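Examination of the molecular architecture
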Amino acid sequence: MALPEISLDKIEKEVTNSQIWKSMFRNWPWQDTARHRARHIVDNVWLHLHPAKIQPRALRWTFTWGLGGISFLLFLILTISGVLLMFYYRPTVELAYQDMKDLEFAVSFGIFLRNMHRWCAHAMVTVVMLHMIRVFLTGSYKKPREFNWAVGVILLKLTLFLSFTGYLLPWDQLAIWAVTVGTNMAGATPVLGNEGPFANLLGMTISNDVRFVLLGGTTVGANTLLRFYVMHCVAVPLITGALIILHFWRIRKDTFSAAPLAKNEEKADVWPNLVVREYIAAAAVTAFIFFLSVYANAPLEEIANPNVTPNPSKAPWYFVGLQELLVYFDPWIAGVLLPGIIIGGLCAIPYLDTSKKGIGYYTWSERPFANAQFMFGIAFWFILITIGYFFRGPNYFWYWPWESWLVHKPVSAPTWSFSLPVGVTLLAAYGALGMTLPRLIKSEICWRKASGAFLGLFALVGLWMKFGGDISTWRVVTVGVLLYLTFLFGFLYPQRYIRDLDLPRYTITQALVLMQMGVLVKMGLRLGLDVKYILELPQFNLNI
Amino acid sequence: MHRKLFYLFNFLVLGLFVAAGVVDNHREWKGYQKQYKRMEISRLEGELASADAEQKPSLELALKTAKAMPIRLRQAMSPDLNRYDRCVSCHLGIDPETNPAQVNAYAEHPFKAGDIPEHKAHPANKFACTSCHQGQGLATTMEDAHGLVKHWEEPLLRDPYIQGSCVRCHGNFEEIRGTEQAKRGKALFAKIGCIGCHSMKGSGGEVSVDLGDIADKPASRIDWSNTGPLPPHQRNILNWIEMHLTKDTIELIPGDPHGHSCAHLAECEPVAPSGMPPFYEELSYEDAQALTTYMLGMTDKKLPKEFKVPASAKPEPRYADSIEHGKAVFTKFGCAGCHGEGGASGRRNFNALGEGQDKTRIHEVSEMAKGREPTLTKVVGTYSRDELRKKLHDGVAPSSIVKFNPDGPTPPLFMPSWKTKIKGQEMEALLDYLFSIAEKSGEEW
C-alpha cells in the first residue's frame, strides 16, 4: 500500500486556516507591508507599549544602550529564578543555610539558579544606575518627563532595597553582618532611631524605634529573616512591579523617545527595527548571565553567627560608599541624611533644570553645569564604593589591594573637634558665603586665574602646614585637592552658570551643591587634619 | 548584521543552557557510584562462575540486585543530631542500605569501610557520619565534603584526631577501646600542667583562657597573621591547637613587646607575646597530636541527653604518705605548667628576670624570652613553711614580678592566688611535697 503523500505546504495551510490558529493570531497571514508591521505592534499585547513608528536616532545602540530594557529583562529573570528558588528555600534560621547547601549539592540546577539570581541582582543594580546616568546625559528627564524621572529614582531605590533584603536570605556570615551594618543606619535616623539626634523627643529606645520595626527585634535574628523574606518575595516586588507598569505607561504617554527628529526625516518602523534590537540585547544579556552562572558560584560563607563579628563587616557593595562615609560622619548623616538628600535631590533635578537645551541627545557644551555636577556626584559615589570595597581592611583601616589583611596596621592618630563657637562660625560662613557669593559676583571670572590664585594661596598655607604644623606632604596634598574641587564645583561652576537662575531654583540647586561639596570638605579635614567634628552638640547627639 | 547577531546570541543562550545542564548532571559522586557498581557486578560474576549449584540462586539474586542498583544521591540521616550526611553517596560500602554488612570488600576501592566495632556500635541511621567524623555532610564533592574549603570550620577528622569525637560524648572515654591517643592526651594534659593556667569549664587556673569549649572556637576569632604558610582552607581549630604545641608560641602570637603598633609611640603600651611556655621543646609530634586530639573533644555544643555517656565514678585515691598526696595535689592544680615537672625547671615567662640574660641587649626579644618562672627545687629551700604557705595563699600579682627590661611588657605569667582552691589537708600535703623536693644546699650561710 502506498503511503499518502506528505505536503508541508498543504499542512501549513490547513493549520493556519484552522479556527484555532485564527483565533490565536488576529493578524494572519503575515505580509511584509507597512500596515502589517504596524499591526504587529498594535495588535500584540506584549509589544503594544511601543509606538508603531519611532525616530531613527532613537534606534541607535549608542543612544539608549538598551539599558532600560535590560533592567526590565533582569527583573524578569530575577522573578522567574526567584520563584523557582522559593520552592527550595525555607526562611528559618535552622533551615535557610542548610537549604543553600542543598541548592548547591543536591538540587538539579540548584546552584545554577542561585548563581543566576545573585549575578542578575548585582547586574540589575548596576544597569539601573547606568540607565539613570544615560537618561540624565541625554536630557530625557526634561518636560514632559519630569514625573517619570522621579518614578525611575524610586525604582532605583526599590531595586537597591530588593537586593538588600535578598542579601540576608542565605543566612551566612556575609548576609547577617552586611544586613547588620545596613540596618544599624536605621537606628541613627533623627528622631525615629534610638541612636539618632533627638531620639528622646519620642522616647525612642532600642526596642521601639524604626530599626526595631525593620528587624522585628533588637538584633538581626529569626524575625528579621522572616520579615526580609516577605519583603523580598512579596511586598517589594509587588510595589516595584506596579511602579514599573507606571514607568512604562508614562514612557508611552510622554512620547516614546525624546530623540529629536531632523527636518524631512521619516520615522522608522518599530517592527522589526526596534524589536530586533531589543531582542538581541536581551539575548546577549541572558547569555552573559548564563555564562557567569555556569562558571562562577555565588558566595556563601559560614553559617550566620551573631556572636562572631567578621572584621571588617561590610555592607553590600552598593551601600559600601555610604559605609565609607561613616569614617567621616556620624551614622545619622552618612546613613540617613545623605541618602535622603540624594534621593530628594535626584527627584528634584527635572524641576530645577528647566533649560530647553540638550533634550534627546548627548551634549556637554550645551549643558556644562548640569553634566559636570551630576557626573561629579556619580564619580564621587563610585569612588567611595571603590575605596570601601577594595581599600578597607580589618578595623576599617586603609589596606592597599595588594596588602595582606593579616598584617597589622598601627592605630590611626587621635582626632579632635572644633570648639562650639568656632564650629558654628565655620559652618555658618560656609553656608552663607557659599549661597551668596556665586550669585552676587556678576562679572565673568577667569577660571585659570582664579584657580591659579587659589592654588597659589593654598601652596603658601600648605607650606606653613607642612613646616609649621609638621603635617606630612600627602595630607597637605589631599586637603589641597579636595578644597580645590570644592572651589571649582561649589563656586566657579555655579558662579558662571546658575547665578541668573530664578531665586527658588538657584537656592535649592546651590544648597544641594554645597551639601555635596561639604562632604568633600569634611573628608579633607579628617584625612588631612584629623578633625572629628566641625560642630559638636553631644547633648542632642547632633555632631557634624 | 542583526540577523547574524540574532542567531549568534540565540545559539549562545541555548548552548550555555545545555552547558549548565551538562555541568549540573556531571556530579563527582556519580562516578564513584558507577565504579562501585562495576566492581560489585564483576565480583559477583566471578563468584558465580566458580559457585556450586547450592550457592547459585542466592548469588544470582545478589547479582540481579547489584545490576539494578540505581545511581542516585544517598544520605545517612540522624534527625536527633540534625545530621544529613551525603557521605554515603560516594562511600558506598558503608551504606547499610546497599551493603547490609557495612563492609566494603574492595581494597582497591578508595572507600574501603573498616569492619570495626565502632561502626556497628554507632549505626548510621542513628548517628549518621559527621557526628563523629566531622566534615561537611551536606556536600557532595570531595573537597567540600571533607571540609578542605574556606568557610567550613569542621574538617574531616582523620586518625588519631577522630578520637576527639569519642571524648565529646563518652565521659568514660578512658575505659573504652580505640581512644588511646585521646587517653594519652588527657594524661599529658595533667602531666605537663595545662590546668595550672587554663581552666576547663570553669575549674582550673585563671591565667589563660578556658579550654572547655576550645573546639568550638570560630576561625574568624583567631589571628592567623603568624601561622606561616598555612593555606586559608587549613585555618581551622585543629591546626590552631596543634601549632601551640609544635611551634614556638612567641612566633605564633608575638604580641607587641616594643609597643610599636600605635601611631603615637608615647601612648603605646608594650604587649607581651603569648605566655604559653614552649612545650614544643618537650613534646614529640605524637604527643602534640594526642593533646590536640583530646582538646578536639572539648566542646560546649548541646547534644541530646541520650547520646551522653556519663563518666564512671572513681574511688577516692589513697596515698601512702603526705608527700605522695602532695605530689597528687601538685599535679591536680597544674603547678608543673609553670614550674616544670616535679618543680625541677621553671618554664619561660617573657621579660621576667631569669638566668643568663645579657643586660646589654635589653630590648631584644630573644633575651626577654629567657625570662623564667621560679624553679621550685631551687627556691623552696629559701622559704620557711609559713612563708611558703602565705605565698601560695596570696600568689604574685603580674605587676609585682621583676622585669628584665623595665620598659618591656609585663610578664604574661604570674602566680595566681590559691587561697580558695588549695586548702587544709591538701595545702599541708603540698607543702610537705615541696619541701621534700627542695635542694638541700651544701653549706648554710
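Basis of the calculations
Residues numbered from 1 in each chain as written. Chains lettered and ligands numbered in written order. Predicted model: local features only at pLDDT ≥ 70, side-chain atom pairs only at ≥ 80, totals over all residues. Helix = DSSP H or I, 4+ residues; strand = E, 2+ residues; numbered from the N terminus. Rg over C-alpha atoms; globule rule 2.2 N^0.38 Å. Buried ≥ 20, exposed ≤ 12 C-beta atoms within 10 Å, placed from the backbone. Contact = placed C-beta atoms within 7 Å. Domains from an automatic or database assignment. Core = buried A, V, L, I, M, F, W, Y, C linked by C-beta atoms within 7 Å. Expected span 1.5 Å × (residues − 1). Axes fitted to C-alpha atoms, helices over the stretch in contact; angles between N-to-C directions. Parallel < 35°, antiparallel > 145°, perpendicular 65-115°, else oblique. Left-handed = near helix turned anticlockwise from the far one by under 90°. Nonpolar A, V, L, I, M, F, W, Y, C, P; charged D, E, K, R; others polar.

The next thing to look at is the overall build of chain B. When its secondary structure is counted, chain B shows 18 helices and 4 strands. For chain B, whose C-alpha radius of gyration is 30 Å, the value lies well above the compact-globule estimate of 22 Å for 445 residues. Along the first, second and third principal axes, the C-alpha set of chain B runs to 95 × 75 × 35 Å. Split into buried and exposed, the 445 residues of chain B put 34% on the buried side. Restricting to contacts in chain B with at least 6 residues of sequence separation, those with at least 24 account for 61%.

Bringing the domain arrangement of chain A into the picture now. All names here are of chain A. Looking at the assigned domains, one finds that chain A contains domain 1 (53–259 + 267–396) and domain 2 (420–543). Each partner contributes to the interface: domain 1 provides 18 residues, whereas domain 2 provides 19 residues. Listing elements by their share of the side of domain 1 that touches domain 2, those giving two or more residues are helix H15 (331–352) and helix H16 (368–390). The element contributing the most residues to the side of domain 1 that touches domain 2 is H16, with 6 residues.

Moving on, we get to the nonpolar core. Of all hydrophobic cores here, the largest spans 96 residues; its most connected members are Leu 74, Cys 120, Met 124, Trp 171 and Ala 175 of chain A. Broken down by element, this core gets its largest block of residues, 14 residues, from helix H8 (residues 110–137) of chain A. The residues touching Ala 175 of chain A, leaving out its near neighbours within four places in the chain, are Tyr 167, Leu 168, Leu 169, Pro 170 and Ala 304 of chain A. Within the second largest apolar cluster, 43 residues are counted, among which are Cys 166, Ile 195, Leu 296 and Leu 388 of chain B.

What follows covers helix H18 (residues 447–468) of chain A. Here H18 of chain A spans 30 Å end to end across 22 residues, near enough to the 32 Å set by a 1.5 Å rise per residue. Of all the 22 residues making up H18 of chain A, 1 are buried; the element is thus mostly uncovered.

All names here are of chain A. Packing of helix H6 (residues 67–86) against helix H12 (residues 222–253) leaves a shortest axis separation of 13 Å and a crossing angle of 155 degrees. Comparing their axes, H12 and H6 come out roughly antiparallel. Where H6 crosses over H12, the two elements pack in a sense that is left-handed. For the pair H6 and H12, the contacting residues are Phe 72, Phe 75, Thr 79, Gly 82 and Met 86 in the first and Cys 233, Pro 237 and Ile 244 in the second. Here the residues of the contact of H6 with H12 are counted per class, giving 6 nonpolar, 2 polar and no charged.

Attention now moves to unusual backbone geometry. All names here are of chain A. The omega torsion of the bond from Trp 271 to Pro 272 falls at 5 degrees, within 30 degrees of zero and hence cis. Following the sequence through the fold, Pro 272 ends up in helix H13 (residues 270–295). Looking along the chain, the bond that leaves Asn 311 and enters Pro 312 is cis, with omega of 0 degrees. Along the polypeptide, Pro 312 turns up in the loop between H13 and helix H14 (317–325). Here the phi dihedral of Phe 109 falls at roughly 60 degrees; this positive angle occurs in a residue that is not glycine.

The next subject is helix H7 (residues 96–105) of chain A. For an α-helix, 3.6 residues make a turn, and residues three or four places apart therefore share a direction. Residues and elements named next belong to chain A. Taken across its 10 residues, H7 has 8 buried, putting it largely inside the fold. Among all positions in H7, only Ala 96, Tyr 97, Asp 99, Met 100, Lys 101, Leu 103, Glu 104 and Phe 105 are buried. Elements that come into contact with the buried residues of H7 comprise H8 and H12.

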